[in-house]
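Given next are the chains, with one letter for each unit.
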Amino acid sequence: MKVVLDIETIQCPREDWARLAGKCLPAEPEVPASDLFAAGEAEAERQAGEEQYAKSAFDGTYSSIVCIGLLEFSDQMEPRGAVAWYGANERELLRQFWSRLAQDKPSLFITHNGLGFDLPFIRKRSIIHQVRPSMEINLAKFRSEPVYDTMAIWSNWDTRGWIKLDVLARALNVETKSGSGDQVAAMWGQGKGLELAQYCLQDTYVTYACHCRMNFRQPLSREVVLLQPELLDVG
């Protein structure tokens, strides 16, 4: 079996990040307006902290998973199912995800930036929650199995050529994303977990379609691949 994988994540609050990173959140500096040098240093320190916090959004040490989308295919790439787990109970989300993989026993994981983001992120969060993976996924680079990373392979592993999924989809003339990752936090904050799961599965479909085109195959329609998806709220 082969699977297409995508995750949606949210960043931890600044207070949690500061605690984990062992940093103190800077208070409003009491710097006289006349002391321009001190004011400049305080502003530079604040900006450095903001940059470090922003980067933590992509690190499973700090941020958390709120949705995992999975498309299942036979070895001949015939659709076998579509499922998305979503909710605030990250431990249960991971447990159900690994349980599904234990049943599927996939030989290939198709992702977009899965080697650099999705799979290492899942591994870190699984360790943090002490959810033992049901299988070992080799994350070695410069190969197309067991992980086929459309972003890395498209650029021939040259980071200068890293490409966004929606850009690759337009270049390959396939259906593109229904939104952007920037909307995930807002959707989650508004309690739109179901819509987030649907958005995540759309991303998995776009990744699947790009993989097909990159291997000279015609992708099946979204209606066929995403027929009757399982949308599971883990609480």
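Residues numbered from 1 in each chain as written. Predicted model: local features only at pLDDT ≥ 70, side-chain atom pairs only at ≥ 80, totals over all residues. Heavy atoms only, no water.

Colleague: Sorry if this is basic, but what is going on with the overall build of the chain here?
Modeller: Helices and strands together make up the secondary structure of the chain, namely nine helices and six strands. Intrachain contacts of the chain at a sequence separation of at least 6 include 75% that bridge at least 24 residues. (Helix = DSSP H or I, 4+ residues; strand = E, 2+ residues; numbered from the N terminus. Contact = heavy atoms within 4.5 Å.)

Colleague: Would you mind going over the sheet that holds strand 3 (residues 79–86) with me for this structure?
Modeller: What the six strands build is an open sheet, ordered 5-4-1-2-3-6; its pairing is mixed. Because the sheet does not close on itself, it has two edges, and the strands there are strand 5 (147–149) and strand 6 (230–233). Direction aside, neighbouring strands of the sheet carry axes that sit 20° apart on average. Sheet contacts for helix 3 (residues 90–104): strand 1 (2–10), strand 2 (64–73), strand 3, strand 4 (108–111) and strand 6; angle to strand 2, the most-contacted strand, approximately 20°. In the packing of helix 4 (residues 114–128) onto the sheet, the strands contacted are strand 1, strand 2, strand 4 and strand 5, and the crossing angle to strand 1 comes to about 70°. (Pairing = 2+ DSSP bridges. Axes fitted to C-alpha atoms, helices over the stretch in contact; angles between N-to-C directions.)

Colleague: What exactly am I supposed to notice about the side chain of Arg100 here?
Modeller: Relative to the helices and strands, Arg100 resides in helix 3. With relative accessibility at 15%, the residue Arg100 sits in the buried group. In terms of polar contacts, Arg100 uses its side chain to reach the side chain of Glu72, at 2.8 Å. Beyond its immediate chain neighbours, meaning those up to four positions away, Arg100 contacts Leu70, Glu72, Val83, Trp85 and Glu230. (Buried < 20%, exposed > 50% of the residue type's maximum accessible area, 1.4 Å probe, protein only. Polar contact = N/O pair within 3.5 Å; in protein donor to acceptor, adjacent residues only side chain to side chain.)

Colleague: It is not clear to me how the pairing of strand 2 should be interpreted in this structure. Could you clarify?
Modeller: Two faces belong to every sheet, and in a regular strand the side chains alternate between them. Counting buried positions over the 10 residues of strand 2 gives 10, a clear majority of the element. In the sheet, strand 1 pairs with strand 2 via nine bridges, with the strands oriented antiparallel. Across the sheet, Leu5 pairs through a bridge with Leu70, a residue of strand 2. Summarising the sheet, strand 2 and strand 3 pair through seven bridges and their orientation is antiparallel. The residue of strand 3 that forms the bridge with Gly69 is Ala84.

Colleague: Please explain the packing of aromatic side chains as it appears in this structure.
Modeller: Each aromatic ring pair is summarised here by two numbers: the centre-to-centre distance and the angle between the ring planes. Inspection of every chain in the model, using the stated rule, returns seven aromatic pairs. Geometrically, the ring pair formed by Phe142 and Trp157 is tilted, given 5.2 Å between the ring centres and 50° between the ring planes. A residue pair is termed long-range when its members are at least 10 positions apart, and Phe142 in the loop between helix 4 and strand 5 and Trp157 in the loop between helix 5 (150–154) and helix 6 (165–171) qualify at 15 residues. Phe142 sits in the exposed class, given a relative accessible area of 64%. Ring centres of Tyr205 and Tyr208 lie 5.7 Å apart, and the angle between their planes is 45°; this geometry places the pair in the tilted category. Here Tyr205 and its partner Tyr208 are both found in helix 8 (residues 193–214), three residues apart, which amounts to about one turn of the helix. Comparing Tyr205 with Tyr208, the two get one shared label, buried. Taken together through their ring pairs, the aromatic side chains of Phe73, Tyr205 and Tyr208 make up a single cluster. (Phe/Tyr/Trp six-rings, centres within 6.5 Å; stacked < 30°, edge-to-face > 60°.)

Colleague: Any chance you could explain the side chain of Gln202 here in plain terms?
Modeller: Mapped onto the elements of the fold, Gln202 is located in helix 8. Here Gln202 is in contact with Glu175, Thr176, Ser178, Arg222 and Leu226, once residues within four sequence places are set aside.

Colleague: I would appreciate a short explanation of helix 4 in the present structure.
Modeller: Every α-helix winds through 3.6 residues per turn, so residues three or four apart in the chain are directed the same way. Its maximal kink placed at Pro120, helix 4 deviates by approximately 30°. All of the buried residues in helix 4 are Gly114, Leu115, Phe117, Asp118, Leu119, Pro120, Phe121, Ile122, Arg125 and Ser126. Check the buried side of helix 4 and you find it contacts strand 1, strand 2, helix 3, strand 4 and strand 5. Directly after helix 4, the chain includes Gln130, whose backbone phi takes a positive value near 55°. (Bend = angle between axes of the 7 residues up to and from the residue.)

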